[in-house]
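Report on the structure
Single-letter residue listing:
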Number of protein chains: 2
Amino acid sequence: MEYVFAKRISSLQPSAIREILKATADPKIIPFAAGNPAPEAFPVEAIVRFTDEIYAENPISALQYSVSEGFPALRETLKSYLKQTYNIGRDFDSINIVSGAQQVMDFSAKVLCNEGDTIICEDPSFIGSLNTFRSYDLNLVGLPMEEDGIRPEDLESALQNNPRAKLIYLIPNFQNPTGRTMSLAKRKAVYELAIKYNVMILEDNPYGELRFSGSPVPAIKSFDEVGIVIYAGTFSKVIAPGIRVGYVCAPAAITSKMTIAKQASDVHTNILAQMVCDRMLTRYDFPAHLEDLRKIYRHKAQLMLAQLDEYMPSMVHTVPEGGLFVWCQLPVGVDVVAFAKEAMLNQVAVVPGNNFFTDPSQPTQALRLNFSTPTDEQIVKGIQILAKLLNEWK
Amino acid sequence: MEYVFAKRISSLQPSAIREILKATADPKIIPFAAGNPAPEAFPVEAIVRFTDEIYAENPISALQYSVSEGFPALRETLKSYLKQTYNIGRDFDSINIVSGAQQVMDFSAKVLCNEGDTIICEDPSFIGSLNTFRSYDLNLVGLPMEEDGIRPEDLESALQNNPRAKLIYLIPNFQNPTGRTMSLAKRKAVYELAIKYNVMILEDNPYGELRFSGSPVPAIKSFDEVGIVIYAGTFSKVIAPGIRVGYVCAPAAITSKMTIAKQASDVHTNILAQMVCDRMLTRYDFPAHLEDLRKIYRHKAQLMLAQLDEYMPSMVHTVPEGGLFVWCQLPVGVDVVAFAKEAMLNQVAVVPGNNFFTDPSQPTQALRLNFSTPTDEQIVKGIQILAKLLNEWK
């Protein structure tokens, strides 16, 4: 049979990253491509203990249908946690639990955007979110990034030129793919512009709790006194991604529409996983756990950056203060896609930067490297392989 | 702030059933409204044992990111299981794992339907699926049901009159809300019409394995030799709904687009839950477990039907051969919505039938009763309360 697909889906290609990920299931491949948390970062003992406790105490409640808004106790726990720790959330806000933060992008687009509307974003940005927006037939307007984020002037022009702009999508901390962090001054400027032009901000913060150097910068949501910011958080990087638990803090008028979207999508998020997350925040030394994670990622990042500086001095790179990624610029003349292919043939998986741009056909020298997944030995060996490739590149 | 919502979502109301469900969290309320599996039907011991095994053997694989298509072993297991048990699946088909069967309806609409396209369905039908379709701004054309399903003549007219029909949505076994089962002759006729008019069938079969009387009727998918049927299955009713694991068996050309939709939605389904389902099928006497479930539901259904016949003879009802629901017709003159409200005041939750129609404003005498959630005592007491209400109705 010949199948005719919906307009929104027929232009979308499978995520290049997930295709590369599949190839890297092979343990011989050095994984600089994925965005997986370090296996040693999973709090396995606690997860297993809490799972056992929950099943011992009340197995039915962990297996029966639950409510679409999310496990009530976890919503309450997150409400205090976000408020006390990050000053996120006001009386007009509410919290919903979702199946990973990606679903916040999905529901934000579904609830707020009609076909042909515009989302303004950093360029490059997280390919998963860009593809989610594309799946709603939305127009992406990408703004170039400086070391401390997009320029407010560019944002203002974009807001003026795109009357159908519905969302400003930002990853302010240790952005994927660049590892860059938006300065406080720019966060404030962006927030003021959002109010001036009455366009909501979608603040995606999967890595914020993984800061391993420098000083924390407040979330844009922390100064949202009017209800113009949708904040997406997740346990993927600080507990485990396979459990698929994320959350959204946004004005209740928005989250109540997201509840309807949830009912129409997957009804509710795996309830055992939500219960485990609640106990991780309430019956576990979560701050100490985060400190452990930061140690792990600080070490890995420093090792990769040192290797890059020693063996690949001609390749400029960002110096992330947290997160999982380094963004590198290959010397002019080196074809990035060809280089990534050659790297894969040499057992090192990297992602060519073009995948992350709103227009993937735009020329770029960029390459994204992940330091959280590989072991120390793989980081050392992998960078040496890339260095050799680059040195011999014709 | 004033928020402007997307067209697709602004007309959608929260599911009335889920709102009633929330009210029935109160244990004093007799739950004839929900569609929850019986708590005693959960294979708790096996789920706990397999969870422990998985965490003991390889915790990282149960916590790390996984692939969007689903846990490879479970996909393979389901492929053999569906083929061997139900003759479902041909060489052109593939299986994807999703976060509950609802997500199959979501992805089918997302992948195959543009705004304004038509979905033909049974009328009444499952409100969750209808709302999913509505969330894509689709036109619903409902066909009246007879005891053995919709009439093929009606389907043919609908196919002729709706050139933008993209899907025929059916729940052939123990339909929600009616409990009715489509006859083999009608299944074959529907399949032939789908081919004749080149419109895909979306066969939703959440209850098929819960047949407690009568003879099994083959799934429409079991005679699909051309790739025109999308088959949605789930572990919600046969293992547990809180784990959110469903699956789709459809032509690979379709499932590969659904994989893209999955990447743009929730990336992948909770991996531990997928691993547990795999072991339930491969390391457990699953057929014996299904037999146990059938015993539980046979008993509950027989009890409710006997109570209805004894105490509410003026209320006509279906006689389901499986599933979770009985569909009742209150005597003419009794306002169904008012009756349901009065029942709730008397601590019995039921769902007025209008919620399940494509046009919820159409007059109906119907009421949906669920027999899987209440205990025996609740069934007896609840029907007596409803009977008293009806007898005293003015």
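Residue numbers here run from 1 along each chain, matching the order of that chain's written sequence. A letter from A marks each chain and a number from 1 marks each ligand, given out in the order of writing. Local features in this predicted model are restricted to residues whose pLDDT is 70 or higher, and side-chain atom pairs enter the listing and the counts only when it is 80 or higher, whereas totals over whole chains, interfaces and linings include all residues.

**Side note on the relation of the copies chain A and chain B**
Superposing the copies works by least squares over the C-alpha atoms of residues that have pLDDT at least 70 in both of them. Rotating chain A by 180° and moving it 0.0 Å along the rotation axis overlays it on chain B with an RMSD of 0.0 Å. In the structure described here, the two chain copies are related by an operation that fits a two-fold rotation axis. Closest approach to the rotation axis within chain A is made by the C-alpha atom of Asn 270 of chain A, at a distance of 3.5 Å. Distance between backbone-placed C-beta atoms decides contact: two residues are in contact if it is within 7 Å. When the interface residues of chain A are mapped onto chain B, 100% of them again fall at the interface, so both copies present the same face.

**Re the interface of chain A and chain B**
At the interface, 67 residues of chain A touch 68 residues of chain B. Every element with two or more residues in the side of chain A that touches chain B is listed here: helix 1 (7-10), helix 2 (16-23), helix 3 (44-57), helix 5 (102-112), helix 6 (127-134), helix 9 (252-263) and helix 10 (271-282) of chain A. The numbering of helices and of strands both runs from the N terminus, where a helix is a DSSP run of H or I of at least 4 residues and a strand a run of E of at least 2. In terms of residue count, the dominant contributor to the side of chain A that touches chain B is helix 9 of chain A (seven residues).

**Here we look at the sheet that holds strand 6 (residues 165-170) of chain B**
Within a sheet, adjacent strands bond to each other through the backbone by hydrogen bonds, running parallel or antiparallel. Residue and element names in this part refer to chain B. Pairs of strands are assigned from DSSP output, requiring at least two bridges between the strands. Spatially, the eight strands line up as an open sheet ordered 2-9-8-7-6-3-4-5, and their pairing is mixed. Every other strand in the sheet has two partners, leaving strand 2 (93-98) and strand 5 (149-150) as the edge strands with one partner each. Of the strand pairs in this sheet, strand 3 (residues 118-123) and strand 4 (residues 139-146) are connected by six bridges, and their pairing is parallel. Across the sheet, Ile 119 pairs through a bridge with Leu 140, a residue of strand 4.

**Details of the sheet that holds strand 13 (residues 351-352) of chain B**
Residues and elements named next belong to chain B. One open sheet accounts for four strands, arranged 10-11-14-13; its pairing is antiparallel. Across the chains shown, the open sheet's two edge strands, defined by having one partner strand only, are strand 10 (316-317) and strand 13. As paired strands, strand 13 and strand 14 (residues 366-370) are joined by two bridges and run antiparallel to one another. Bridge pairing in strand 14 links Pro 352 to Leu 367.

**Quick notes on the domain arrangement of chain A**
When the parts come together, some accessible area is lost, and that loss is often what is quoted as the size of the interface. All names here are of chain A. Domain annotation for chain A reports domain 1 (7-43 + 287-391) and domain 2 (61-282). Residue ranges for the domains originate in an automatic or database domain assignment. Each of domain 1 and domain 2 has a C-alpha centre, and these two points are 24 Å apart. Of all elements in the fold, only helix 1, helix 11 (286-311) and strand 11 (325-329) reach the threshold of two or more residues within the side of domain 1 that touches domain 2. Of the residues forming the side of domain 1 that touches domain 2, the biggest block, six residues, is contributed by helix 11. Residue classes in the side of domain 1 that touches domain 2 are distributed as 17 nonpolar, eight polar and six charged. The nonpolar class holds Ala, Val, Leu, Ile, Met, Phe, Trp, Tyr, Cys and Pro. Asp, Glu, Lys and Arg form the charged class, and all remaining residues, Gly among them, are polar.

**Considerations on the pairing of strand 3 of chain B**
Residue and element names in this part refer to chain B. Burial in this document is a count-based property: other C-beta atoms within 10 Å of a residue's C-beta are tallied, and the residue is buried at 20 or more, exposed at 12 or fewer, or partly exposed in between, with C-beta positions derived from the backbone. The buried count for strand 3 comes to five of six residues, which makes it a mostly enclosed element. Crossover handedness for the path strand 3 to helix 6 (residues 127-134) to strand 4: right-handed. Bridging between strand 3 and strand 6 involves four bridges; their strand directions are parallel. Residue pairing across strands places Ile 119 opposite Leu 167, the latter belonging to strand 6. Call a crossover right-handed when, viewed with both strands pointing away from you, the route from the first strand across the helix to the second goes clockwise.

**Concerning the environment of Arg 180 of chain A**
All names here are of chain A. Of note, Arg 180 is situated in the loop between strand 6 (165-170) and helix 8 (184-197). On a C-alpha basis, the gap between Arg 180 and Thr 318 in space is 7.1 Å, while along the polypeptide they are 138 residues apart. Once residues within four sequence positions are removed from consideration, Arg 180 is found in contact with Met 145, Glu 147, Gly 149, Gln 175 and Thr 318.

**Points about helix 9 of chain A**
Residue and element names in this part refer to chain A. Taking 1.5 Å as the rise per residue, helix 9 with 12 residues should run 16 Å; its terminal C-alpha atoms sit 16 Å apart, in good agreement. With nine of its 12 residues buried, helix 9 lies for the most part within the structure. Those residues of helix 9 that fall on the buried side of the exposure criterion are Ile 254, Thr 255, Lys 257, Met 258, Thr 259, Ile 260, Ala 261, Lys 262 and Gln 263. A helix is expected to span 1.5 Å for every residue after the first.

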